[in-house]
Amino acid sequence: MDRTLAADLARLPELLDATRRAAADALATLDARPVLAPHGPAAPPEPLPEDGSGADAALAAFRDRWEPRLSASAGPRYLGFVTGGATPAALAGDWLTAAHDQNSNSALDGAGQDLERETVGWLRELFGISDAHTGTFVSGATMSNTTGLAIAREWLGERLGVSPSEDGAAALGPVRVLSGAPHSSIAKALSVLGLGRRSLVPVPTLPGREAVDPAALDRALADTPGPAVVVANAGTVNTVDFDDLRAVAALKERHDFWLHTDAAFGAFAALSPDHAHLTAGLDASDSLCVDLHKWLNVPYDSAVQFTRRQDLQARVFQNAAAYLGPLGSHPDLVHLTPENSHRLRALAAWFTLRAYGRRGHREIVERDIACAGALGAELAGDPAFRLLAPVRLNVVCFTLADDPAPGRLAALREAAAAEVFVTPTVLAGTPALRAAFSNWRTTQADVRRAAQALRTAAREIA
């Protein structure tokens, strides 16, 4: 064994303790650090060392060279994208995931698969999804949507008497995928799956909304020859608008289509009694995307996909090799996603669900919703800002009241970045900013700090 590696092995408990202290220091200073670290010129890459200096030196080099450039994205005022943090239990579970280093795809070593299936069952209960759905962990919403649409592609083949997984996507002929306000990952998935971005057909939304107009969808389906795919949205990125999922599913009485629902973070509305009605009809989906490193507050990367047709899923992703587990009626996870290598992502989710239960996660969701409402009220009451949509759940979409040019909004973001991080967007042609609340640490005190930072920044750029 390499001498430096052997020395680290002999000192492994001390090295892990040093790492623990470094992690604890980073988390303890989240509130004081700039939310977005200042951008400076990147140092030139260092050459690969010929002789290593050991884990202690690597940790010291990381803390000196890279840690100061990392954002405080685990903290309470990182409101860009839709980013959760990692609850204490999820962090513990993720550390143990690396320590045990399971490839949990095969029944040849079954505990990891059993743990994942138990966790998926808990998630079904959390979101009010019936056991007609099976589920598997994947890396994020993009992979969840891609997996769901891959199953939809195979369903289209089943309806047409071909198998895209065997014969290729061209065997389907022209495909139409209908959606009102799809996330960008939908077009990306269609590109990966060989269906093409041009197969995505925009359907009119309700006036002033991002929710699909069910009547317009009805007409679009009537104009679509043969079976189709509909992508419904349960929480759009800009305004957290929800399609009427029951109305969309009811169209199956007249039209032949696969219903895929993108509920990446909107599914968590099911935890709040005041907002659960938004997710009514979620269980009617044929496939479903939920992202967990958003509002479940587990570390990147983690999401889950659900489907009613695991048989089609296994037809797409089956993997034949002597060293892999059987396909069978309950296929190993290796037959259900694009990944042959599948870390035990479920452990972090298992830990946080086991530690805090439904009630603890409901409190996080409801507190974030209240914080979003409070920031919306603060900005609506300030003449420097204009809300572009009602705060329906956990996202505030706003812009400058005067001259909301992209350059001015970028200057506003930069001026406020030490205290709050928000991301740019465009809504109905208007350049805007969006603040998304999904971190378990965020409180009303953080809302006040964020609002004050945005007000100060608006005065500076005026």
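Residues numbered from 1 in each chain as written. Predicted model: local features only at pLDDT ≥ 70, side-chain atom pairs only at ≥ 80, totals over all residues. Heavy atoms only, no water.

A. Region of interest: the overall build of the chain. Each helix and strand in the chain was counted, giving 15 helices and eleven strands. Scaling as 2.2 N^0.38, a compact globule of 462 residues should have a C-alpha radius of gyration of about 23 Å, and the chain matches this with 24 Å. Projecting the C-alpha coordinates of the chain onto the three principal axes gives extents of approximately 65 × 60 × 45 Å. The 462 residues of the chain split such that 49% are buried. Intrachain contacts of the chain at a sequence separation of at least 6 include 72% that bridge at least 24 residues. Within the structure as shown, the chain displays about 20,600 Å² of accessible surface, and the carbon and sulfur contribution to it stands at 56%. Charge centroids of the chain, computed over 43 positive and 53 negative side chains, lie 4 Å from each other. (Helix = DSSP H or I, 4+ residues; strand = E, 2+ residues; numbered from the N terminus. Rg over C-alpha atoms; globule rule 2.2 N^0.38 Å. Buried < 20%, exposed > 50% of the residue type's maximum accessible area, 1.4 Å probe, protein only. Contact = heavy atoms within 4.5 Å. Areas by Shrake-Rupley, 256 points an atom, 1.4 Å probe, with all protein chains shown as cover. Lys, Arg positive; Asp, Glu negative; His and termini not counted. Charge placed at Lys NZ, Arg CZ, Asp CG, Glu CD.)

B. Geometry of the pattern of salt bridges. One pass over the full model with this rule turns up 28 salt bridges. Between R254 and D218 there is a salt bridge; the shortest N-O distance is 2.7 Å. Here D218 lies in helix α9 (residues 214–222) and R254 lies in the loop between α10 (245–250) and β5 (257–262), a separation of 36 residues in the sequence. The class for R254 is exposed, based on a relative accessible area of 53%. Measuring nitrogen to oxygen at the nearest pair gives 2.9 Å for the salt bridge that ties E339 to R345. When its relative accessible area of 17% is taken as the criterion, E339 is described as buried. A relative accessible area of 8% places R345 in the buried class. Residues participating in the shared-partner salt-bridge network are D31, R77, E419, D446 and R449. (Salt bridge = Lys/Arg side-chain N within 4 Å of Asp/Glu carboxyl O.)

C. Examining the sheet that holds strand β3 (residues 200–202) more closely. Spatially, the seven strands line up as an open sheet ordered β1-β7-β6-β5-β4-β2-β3, and their pairing is mixed. The open sheet terminates on both sides in strands that have one partner only, identified here as β1 (134–138) and β3. Taking the axes of each pair of neighbouring strands and ignoring which way they run, one obtains an average angle of 20° across the sheet. Alignment of strand β4 (residues 228–233) against β5, held across six bridges, turns out to be parallel. Pairing of A232 across the sheet is with T261, part of β5. (Pairing = 2+ DSSP bridges. Axes fitted to C-alpha atoms, helices over the stretch in contact; angles between N-to-C directions.)

D. Structural view of the side chain of H361. Assignment of secondary structure puts H361 in helix α13 (residues 346–380). Overall, the relative accessible area of 2% leaves H361 in the buried class. Among residues more than four places away in sequence, those in contact with H361 are L271, L296, T352, L353 and Y356.

E. Fine view of the packing of helix α14 (residues 406–416) against helix α15 (residues 444–461). Where α14 contacts α15, the two axes come as close as 8 Å, and the packing angle between them is 130°. Judged by the angle between their axes, α14 and α15 are oblique. Taken as a pair, α14 and α15 cross one another with a handedness that is right-handed. In contact with R408, A411, L412, A415 and A416 of α14, α15 contributes A453, L454, A457, A458, E460 and I461. A class-by-class count of the residues in the contact of α14 with α15 yields nine nonpolar, no polar and two charged. (Parallel < 35°, antiparallel > 145°, perpendicular 65-115°, else oblique. Left-handed = near helix turned anticlockwise from the far one by under 90°. Nonpolar A, V, L, I, M, F, W, Y, C, P; charged D, E, K, R; others polar.)

F. The sheet that holds strand β10 (residues 423–427), seen in detail. Strand order in the open sheet formed by four strands is β8-β9-β11-β10, and the pairing between neighbours is antiparallel. Strands with a single pairing partner mark the edges of an open sheet, and in this sheet they are β8 (385–387) and β10. Taken over all neighbouring pairs, the strand axes of this sheet differ in orientation by 45° on average, direction set aside. Of the strand pairs in this sheet, β8 and strand β9 (residues 395–400) are connected by three bridges, and their pairing is antiparallel. Paired with F385 across the bridge in β9 is L400. The sheet contacts of α14 involve β8, β9, β10 and β11 (430–436), and relative to β11 the element is tilted by about 25°.

G. Expanded view of unusual backbone geometry. For the peptide bond that leads from Y300 to D301, omega is -5°, which places it in the cis range. By the element assignment, D301 lies in the loop between α11 (292–295) and β7 (303–307). Although it is not a glycine, F81 adopts a positive phi angle of roughly 50°. Mapped onto the elements of the fold, F81 is located in the loop between α3 (55–65) and α4 (88–100). With a relative accessible area of 48%, F81 lands in the partly exposed category. At D101, a residue that is not glycine, the phi angle is positive and equals roughly 50°.

H. Geometry of the nonpolar core. In terms of nonpolar packing, the biggest core is built from 51 residues, with L123, F127, L217, F268, V290, L292 and L296 touching the most fellow members. Looking at which element gives the most residues to this core, the answer is α13, with six residues. Those residues in contact with F268 that lie beyond four places of it in its chain are F127, V290, D291, L292, W295, L296 and V365. Counting 24 residues, the second-largest nonpolar core is a separate cluster that includes A372, L375, L400 and V420. (Core = buried A, V, L, I, M, F, W, Y, C linked by side-chain atoms within 4.5 Å.)

I. Inspection of the pairing of strand β6 (residues 287–291) at higher detail. The element β6 is extensively covered by neighbouring structure, given that five of its five residues are classed as buried. Of the two faces of β6, the one holding S287, C289 and D291 and the one holding L288 and V290 are both buried throughout. Where β5 meets β6, three bridges bridge the pair, whose relative direction is parallel. From the neighbouring strand, H260 faces β6, where its bridge partner is S287.

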